[in-house]
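# A structural walkthrough
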Amino acid sequence: MSFGIPVRNGVGIGLGSYASMSLAGFPSSTLSQTFAGAAALDASITFSRATVASYTNAAGVLTQAASGEARFDYDPVTLAPLGLIIEEARTNLLLNSTINGASLATQNVTTSATAYTLTFYGTGTVTLSGTSTAGPLVGSGAYPTRSTLTFTPTAGTLTLTVTGTVSYAQLEAGAFATTWIPTAGATVTRNADNATMTGANFTSWFNATEGTLVVKARAEASNSANRDVADIATDASNRMVVFKANTTGVGQLFISSGGSTQASLTPGSTVWGSPSKMAIAYRASDFAAAINSSVVSTDSAGTVPACSQMTIGRSVSNNEYLNGRIASITYYPSRLSNAQLQALCRA
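The rules we used
- Residues numbered from 1 in each chain as written.
- Predicted model: local features only at pLDDT ≥ 70, side-chain atom pairs only at ≥ 80, totals over all residues.
- Heavy atoms only, no water.
- Core = buried A, V, L, I, M, F, W, Y, C linked by side-chain atoms within 4.5 Å.
- Buried < 20%, exposed > 50% of the residue type's maximum accessible area, 1.4 Å probe, protein only.
- Helix = DSSP H or I, 4+ residues; strand = E, 2+ residues; numbered from the N terminus.
- Contact = heavy atoms within 4.5 Å.
- Salt bridge = Lys/Arg side-chain N within 4 Å of Asp/Glu carboxyl O.
- Pairing = 2+ DSSP bridges.
- Axes fitted to C-alpha atoms, helices over the stretch in contact; angles between N-to-C directions.

### Remarks on the nonpolar core
Counting 44 residues, the largest nonpolar core has Phe206, Leu213, Met310 and Ile329 as its most contacted members. Ranked by the residues each element gives to this core, the list is headed by strand β17 (residues 211–219), at 4 residues. Once residues within four sequence positions are removed from consideration, Ile329 is found in contact with Leu31, Ser32, Gln33, Phe35, Leu213, Val214, Val215, Met310 and Ile312. Ranked by size, the runner-up nonpolar core spans 17 residues in total, among them Leu94, Val109, Phe120 and Val126.

### Points about the pattern of salt bridges
Scanning all chains against the criterion turns up 15 salt bridges. The partner of Arg71 in a salt bridge is Glu87, with the nearest N and O atoms 2.9 Å apart. Note that Arg71 is positioned in the loop between β4 (62–65) and β5 (72–74) and Glu87 in the loop between β6 (81–86) and β7 (90–92), a separation of 16 residues in sequence. Given the relative accessible area of 0%, Arg71 is considered buried. Between Arg335 and Asp286 there is a salt bridge, with the nearest N and O atoms lying 2.9 Å from each other. With Arg335 in the loop between β26 (324–332) and α2 (338–344) and Asp286 in the loop between β22 (276–282) and β23 (287–291), this residue pair connects regions lying 49 residues apart in the sequence.

### Details of the sheet that holds strand β14 (residues 167–173)
What the 3 strands build is an open sheet, ordered β12-β9-β14; its pairing is antiparallel. Each having just a single partner strand, β12 (141–151) and β14 make up the two edges of the open sheet. Strand after strand, the sheet turns through a mean of 10° between neighbouring axes, direction not considered.

### A closer look at the environment of Pro136
By the secondary structure assignment, Pro136 is in the loop between β10 (125–130) and β11 (137–138). In this structure Pro136 comes out as partly exposed when scored by relative accessible area, which is 46%. For the pair Pro136 and Val126, spaced 10 residues apart in sequence, the C-alpha separation works out to 5.8 Å.

Here it is as structure tokens:
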């Protein structure tokens, strides 16, 4: 396996925020961002991440993106494009989990009484002792087969005893795994991915009175926090957010104006780790949402909040990260019909 800074693969760059797309019987969209198979973000999106981060490139190789570079992930087996990775910050607590795939050495880690997730590629075994005796975690193959164990230790010293081949190992505080973080002689933190559209890059396509947003995305695993795909907002009190609800995986549209809930719609369930397509529409006292062509859920009372930006893959408050991949975001500057919503959100 190789590991290095990626080169542009020319698979296709996402359409810009001013692009227009028209389907038969549909009005033209004013925003069409396609992230699956893209080579770079459109200039209308402000992106930041103050550390390097890993992803699988178009050739199926585990690769590292430079600090501040967006990651466009691919399925390591089928090579199908998955989309833009958006993740929260995480720290790999294991030392010498190196970029050359060398096997991990036995080591001790200080833990607290919270959930942790251990992952690695390889056919070896990691046995836990000390603050936890969960597992052992037995590997089932080299990359891209990733073995995973989530457990909750007590506070103190956790010993991880390694036998056999344990490569690209990671121990992180959290109830689910995120992308691998290489380390040497110290722990390493991967900062969060932050993508936002503001100013003219937002107002050029957004209709403050009515509109329809269609998103295709996948969140990798359930957690206690919601998983936001897109949050059109001014602040936490004025927002229209599309998300997957914490442990249930239900797709939801939540609208708040002045801190008061205007609509809360749950059109249907999704599957963790699988793509879903959700369409939401808004107009004063006329809100609707559908997911994967499900029956449309509606609300006939409420006001539309004032909004000045869109955060992608997280909330306007910089939490509720998607921890997944976004394939596309499309916006129509009118409230489409319920039948059109169902047609648009077929996965």
